[in-house]
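Residues per chain, in single letters:
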Amino acid sequence: MKIKVRVPATSANCGPGFDCIGLALDIYSTLELELKPEPGLDITLTGEGAKYIPTDERNIVWRSIKVLLEKAGMDNLYQGAVITMDNQGPMSRGLGSSATAIVAGLKAANTIIGNPYDRKELLQIATEIEGHPDNVAPAIYGGFTISTVNDLGVECFAFRPKCNLQFVVAVPDFPLPTREARSVLPKMVKMSDAIYNIGRASMMVAALCRGNVRFLKNVFDDKLHQPFRAELIPGMYDVFEAARKAGAVGACLSGAGPSIIAFIDEERDNAERVGEAMRTAFVRHDVKAAILKPHLDTRGAYIVNDPLG
Ligand code: HSE
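Concerning the environment of Leu123
- Within the secondary structure layout, Leu123 lies in helix H3 (residues 119-130).
- Note: C-alpha distance between Leu123 and Ala201 (78 residues apart in sequence) is 22 Å.

Observations concerning the domain arrangement of the chain
- In terms of domains, the chain is made up of domain 1 (2-159) and domain 2 (165-292).
- The gap between the C-alpha centroids of domain 1 and domain 2 is 25 Å.
- In this complex, domain 1 contributes 23 residues to the contact, which on the side of domain 2 involves 37 residues.
- Summed over both partners, the interface of domain 1 with domain 2 buries about 2100 Å², with 70% contributed by carbon and sulfur atoms.
- Of all residues in domain 1, the largest losses of buried area upon contact with domain 2 belong to Pro16, Phe18 and Arg93, amounting jointly to 31% of the total for that side.
- For the interface between domain 1 and domain 2, the tally reads one salt bridge.

Quick word on empty space enclosed by the protein
- This structure, assessed with the given rule, holds one cavity of 30 Å³ or more.
- Counted as a void, the largest cavity has a volume near 40 Å³.
- As for the largest cavity, its lining consists of Val103, Leu106, Lys107, Arg119, Leu122, Ala126 and Ile140.
- Those elements that place two or more of their residues in the lining of the largest cavity are helix H2 (97-112) and H3.
- Grouping the amino acids of the lining of the largest cavity by side-chain chemistry returns five nonpolar, no polar and two charged.

Basis of the calculations
- Residues numbered from 1 in each chain as written.
- Predicted model: local features only at pLDDT ≥ 70, side-chain atom pairs only at ≥ 80, totals over all residues.
- Heavy atoms only, no water.
- Helix = DSSP H or I, 4+ residues; strand = E, 2+ residues; numbered from the N terminus.
- Domains from an automatic or database assignment.
- Contact = heavy atoms within 4.5 Å.
- Buried area = accessible area lost by both parts, 1.4 Å probe.
- Salt bridge = Lys/Arg side-chain N within 4 Å of Asp/Glu carboxyl O.
- 1 Å grid on protein atoms, 1.4 Å probe; cavity = no way out; pocket = protein on both sides within 12 Å on 5 of 7 lines; lining within 4 Å.
- Points joined across faces, edges and corners; volume = space filled by probe spheres on them.
- Nonpolar A, V, L, I, M, F, W, Y, C, P; charged D, E, K, R; others polar.

This is the structure we're talking about:
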């Protein structure tokens, strides 16, 4: 059986919601998967970063599939695979490329073996592989997601905002591995900084659920990760400021960066202007950036050729 799955790119943190809040973007990657009883991998990659991704046992899609098969006790039944993946999300730029790959592998393999795991269980497995839930959750559920991790596992609340948002993403021409962007973060934070973020993250969710753009405007600042990552992303604060001045609701790092995402109130129809302002601000710091203008994906990962119809 050959299964095709489509998975959105994602943007995590949304400013103050470090490792908790995320959203899905309508930038789609697709995976076609066939599991084989005999060992051996046949992996074909196209699209973003194709030439940098391993096509052997190290491949993240295959590693995720193996985790799922082992958990389901089916790793003896399926020892090899034919994997064809087209990546449309930029790689190592803060748009959840590894989450997209993990979720694609899990979702497709789960379907082939008869869906033993529901979405919540897939989120649990995906989080164990990725290390944090804020990219894998929106890749699975679509929309905005809030995820919490506790002893019993991962909980995820997925929702659509009540306001019409568009996004502008400035994608710098240099990669920033998440490992590196996490290595600059402190082990301890000040109580006042934690309070600063808790208030804004809570306000962001409330404003999105109510569709209150006025409140949304004041919630993008963060003290837990962006200040430390600024040294890795030349011009970060200037790009935030440029986006705001051009009329964005707010702007923040997308995931661990280096991309910067601006939230746009669709009614203001100013994505073009905001994108140009962000691009120009990056140029002032000698950074070339591509501008994307995605919308929210509200479906999450889904099987394109569902065998059950
Ligand atoms: N929350 C994560 C981080 C997202 O900021 O490090 C990157 O995968």
